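Chains, contacts and geometry: an overview
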Amino acid sequence: MKDNSMPNAKNSVKHVLFGSLIGTTIEFFDFYIYANAAVLVFPQLFFPSSDNTLATLQSLATFSIAFLSRPLGSAFFGHYGDKIGRKFTLVAALLTMGISTVAIGFLPSYASIGVAAPLLLMLCRFGQGVGLGGEWGGAVLLAIENAPPNKRAWYGMFPQLGAPIGLLLSGGTFLLLTDTLSNDDFMNYGWRIPFIASSLLVVIGFYIRTKITETPSFENSKKEQEEVKIPFLTLIKSYKNQLIFGTFAAVTTFLVFYLMTVFTLSWATSDLGFAKRDFLLIQLFSVLFFAAFIPISAVVADIIGRRKMLIIATTAIAVFGFAFSYFLNSGSSVMITVFLCTGMALMGFTYGPLGTFLSELFPTVVRYSGASLTFNLAGILGAAFAPMIAIWLASTYSLTYVGFYLTIAACISLFALLVINKEEHKF
């Protein structure tokens, strides 16, 4: 009798974990270089306006498009991931993201082709969202469906590490370019380099993904003929509570991250007087705390349980919201660094076990669709408009209200974590 508690013999632990990590690293690198460019470049090149705040808000509106398209990617790739397998779907999602990202690097500016420029930018951003919507769920399943039962959170945190690594690579790339190029050169062509160079990473990811076989959970499900005709409809019919409350449980994870990155970068460089380079350095340093606390949270989650770990982390984020304006308004580089490092550490605590937790809510036959949809629907609610809402709250009222925004979201997630129906499913 086959021991389903151990990874598939065809897939070594090294290939499984590296395969899940490299894909999400590439995807998040592509995703975050857009986030940096949306603040530093696109307002000037694609949305010219006499009002800098308006141009930034228009640019951030295109940033939100990917969150709206991510659920479409989840539904599309999730359907095929649950029907024909994780491997093929992961490769297709990676290529979708890669092509969309490289295309951005070749787009002409508003000065060259007028309104067609931002429209093409929006189309490429839409493609990025579709690709990432299909990538994340498959990468997490690649890891946890090959994991021993007592190490699912540990295996599941490897694709999660792709987020801080991708962020470090994207932020470091922009920092290097702004240091080595004049502002004119950077705005003329330098910003395009990371978008075009991502094609090399996609080739590496494609090669690694093609070397990995199907997960044992999916193979066993096929052998036992456990298949549903349309996974999405089965989700809505039989797992709507998990879908709804799983989405709200993940909302705070997205919100805290994009407040710590996109919003603070925009606010600090436009309203607090920080030089872009100086603040990028502070942000990159804080990302180390994000990366460090992902494995820590996974270890704890395998001991005390995924839901309990998320409840603790979400409660801490709710409290953190009350200190938001105190730190960010301090004017002290040290205080703001502590603020960002604390926020990113809390992000690591909630992000580490999240993929495993969401995946465990659903059985194998709809797991790709279910985990992907909950994660990416949470992205719409927690991140799609978060930078714009935060800028509006801070400009209209004060930074204190941005903190209240975070605390309220954390309370909603906490409620969802407490009431969600956590039924154990076979792996």
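What counts as what
Residues numbered from 1 in each chain as written. Predicted model: local features only at pLDDT ≥ 70, side-chain atom pairs only at ≥ 80, totals over all residues. Heavy atoms only, no water. Helix = DSSP H or I, 4+ residues; strand = E, 2+ residues; numbered from the N terminus. Rg over C-alpha atoms; globule rule 2.2 N^0.38 Å. Buried < 20%, exposed > 50% of the residue type's maximum accessible area, 1.4 Å probe, protein only. Contact = heavy atoms within 4.5 Å. Areas by Shrake-Rupley, 256 points an atom, 1.4 Å probe, with all protein chains shown as cover. Lys, Arg positive; Asp, Glu negative; His and termini not counted. Charge placed at Lys NZ, Arg CZ, Asp CG, Glu CD. 1 Å grid on protein atoms, 1.4 Å probe; cavity = no way out; pocket = protein on both sides within 12 Å on 5 of 7 lines; lining within 4 Å. Points joined across faces, edges and corners; volume = space filled by probe spheres on them. Nonpolar A, V, L, I, M, F, W, Y, C, P; charged D, E, K, R; others polar. Salt bridge = Lys/Arg side-chain N within 4 Å of Asp/Glu carboxyl O. Phe/Tyr/Trp six-rings, centres within 6.5 Å; stacked < 30°, edge-to-face > 60°. pLDDT = per-residue confidence, 0-100. Core = buried A, V, L, I, M, F, W, Y, C linked by side-chain atoms within 4.5 Å. Expected span 1.5 Å × (residues − 1). Axes fitted to C-alpha atoms, helices over the stretch in contact; angles between N-to-C directions. Parallel < 35°, antiparallel > 145°, perpendicular 65-115°, else oblique. Left-handed = near helix turned anticlockwise from the far one by under 90°. Polar contact = N/O pair within 3.5 Å; in protein donor to acceptor, adjacent residues only side chain to side chain. Arc of directions from axis to C-beta.

This part takes up the overall build of the protein. When helices and strands are counted, the protein shows 20 helices and zero strands. At 21 Å, the protein has a C-alpha radius of gyration in line with the 22 Å of a compact globule built from 427 residues. By its C-alpha atoms, the protein is 70 × 45 × 35 Å across when sized along the principal axes. Expressed as a percentage of its 427 residues, the buried residues of the protein come to 60%. Restricting to contacts in the protein with at least 6 residues of sequence separation, those with at least 24 account for 86%. Carbon and sulfur atoms provide 68% of the accessible area of the protein, an area that totals close to 16,100 Å². The protein carries 26 positive and 21 negative side-chain charges, and their two centres are separated by 8 Å.

What follows is about the layout of surface pockets. Quantified by volume, the largest pocket comes out at close to 370 Å³. Of all the secondary-structure elements, those providing two or more residues to the lining of the largest pocket are helix 2 (42–45), helix 3 (52–83), helix 12 (240–270) and helix 19 (386–396). Looking at the lining of the largest pocket residue by residue, the class counts come to six nonpolar, nine polar and two charged. Space inside the second largest pocket adds up to approximately 200 Å³. Forming the walls of the second largest pocket are Leu40, Gln44, Thr178, Asp179, Leu181, Ser182, Asn183, Phe186, Met187, Lys276, Arg277 and Leu280.

Attention now moves to the pattern of salt bridges. On inspection of all chains with the given rule, the structure shows seven salt bridges. A single network of salt bridges, built from pairs that share partners, joins Asp82, Arg86, Glu145 and Arg367.

This part is about the packing of aromatic side chains. In the structure shown here, the tally under the stated rule is 33 aromatic pairs. Taking 5.5 Å as the distance between ring centres and 20° as the angle between the ring planes, the aromatic pair formed by Phe320 and Phe339 counts as stacked. Here Phe320, found in helix 14 (residues 306–320), pairs with Phe339, found in helix 16 (residues 333–351); they are 19 residues apart in sequence, far enough to count as distant. What makes Phe320 buried here is its relative accessible area of 7%. For Phe339, a relative accessible area of 0% translates into the label buried. Among the aromatic side chains, those forming a connected cluster through ring pairs are Tyr32, Phe67, Trp136, Phe254, Phe257, Tyr258, Phe290, Tyr351 and Phe375.

Let us look at the confidence of the model for the protein. Across the protein, the average pLDDT comes to 87, with 95% of residues at 70 or higher. Considering only residues more than four positions removed or in separate chains, one finds that residues 1–9, a stretch of pLDDT under 50, has 18 contacts.

With that settled, consider empty space enclosed by the protein. Enumeration according to the criterion identifies four cavities of 30 Å³ or more in this entry. Lining the largest cavity are 15 residues, and of these Asn36, Leu167, Thr261, Val262 and Gln283 sit closest to its centre. Among the elements of the structure, helix 1 (13–40), helix 7 (152–180), helix 12 and helix 13 (276–304) are those that each provide at least two residues to the lining of the largest cavity. No other element matches helix 12, which puts five residues into the lining of the largest cavity. When its residues are assigned to classes, the lining of the largest cavity shows 11 nonpolar, four polar and no charged. By volume, the second largest cavity amounts to about 100 Å³.

With that out of the way, let us pick up the nonpolar core. Judged by nonpolar contacts, the single largest core of 129 residues is most densely connected at Phe42, Tyr258 and Phe263. Here this core takes 16 residues from helix 12, the largest share from any one element. Core analysis: the next-biggest nonpolar cluster, separate from the first, contains five residues, Ile22, Ile26, Leu94 and Val202 among them.

End to end, helix 6 (residues 116–144) covers 43 Å across 29 residues, agreeing with the expected 42 Å (1.5 Å per residue, within 8%). With 23 of its 29 residues buried, helix 6 lies for the most part within the structure.

Right, let's talk about the environment of Pro363 for a bit. Take Pro363: it is sitting in the loop between helix 17 (354–359) and helix 18 (364–384). Residues Pro363 and Ala378, spaced 15 residues apart in sequence, show a C-alpha to C-alpha distance of 20 Å.

Close contact between helix 4 (residues 86–104) and helix 18 brings their axes to 13 Å; oriented N to C, the two are set at 15°. Taken together, the axis directions place helix 4 and helix 18 in an arrangement best described as roughly parallel. Crossing geometry of helix 4 relative to helix 18 is assigned as right-handed. Where helix 4 approaches helix 18, its residues Arg86, Thr89 and Leu90 are matched on the opposing element by Thr364, Arg367 and Tyr368. When its residues are assigned to classes, the contact of helix 4 with helix 18 shows two nonpolar, two polar and two charged.

So, on to the environment of Thr261. With respect to the helices and strands, Thr261 occurs in helix 12. Taking C-alpha positions, Thr261 is 30 Å from Arg367, a pair spaced 106 residues apart along the chain. If near-sequence neighbours (up to four positions away) are discounted, Thr261 is found in contact with Leu167, Gln283 and Met344. One polar contact links the side chain of Thr261 to the main-chain carbonyl oxygen of Phe257, over a distance of 2.8 Å.

What follows concerns helix 8 (residues 183–190). Along helix 8, the residues classified as buried are Phe186, Met187 and Gly190. Looking down the long axis of helix 8, one finds its buried residues gathered within 130° of arc, a one-sided arrangement. In helix 8, the exposed residues that point more than 90 degrees away from the buried face are Asp184 and Asn188. Structurally, helix 8 contributes buried residues whose contacts are with helix 1, helix 2, helix 7 and helix 9 (192–210).

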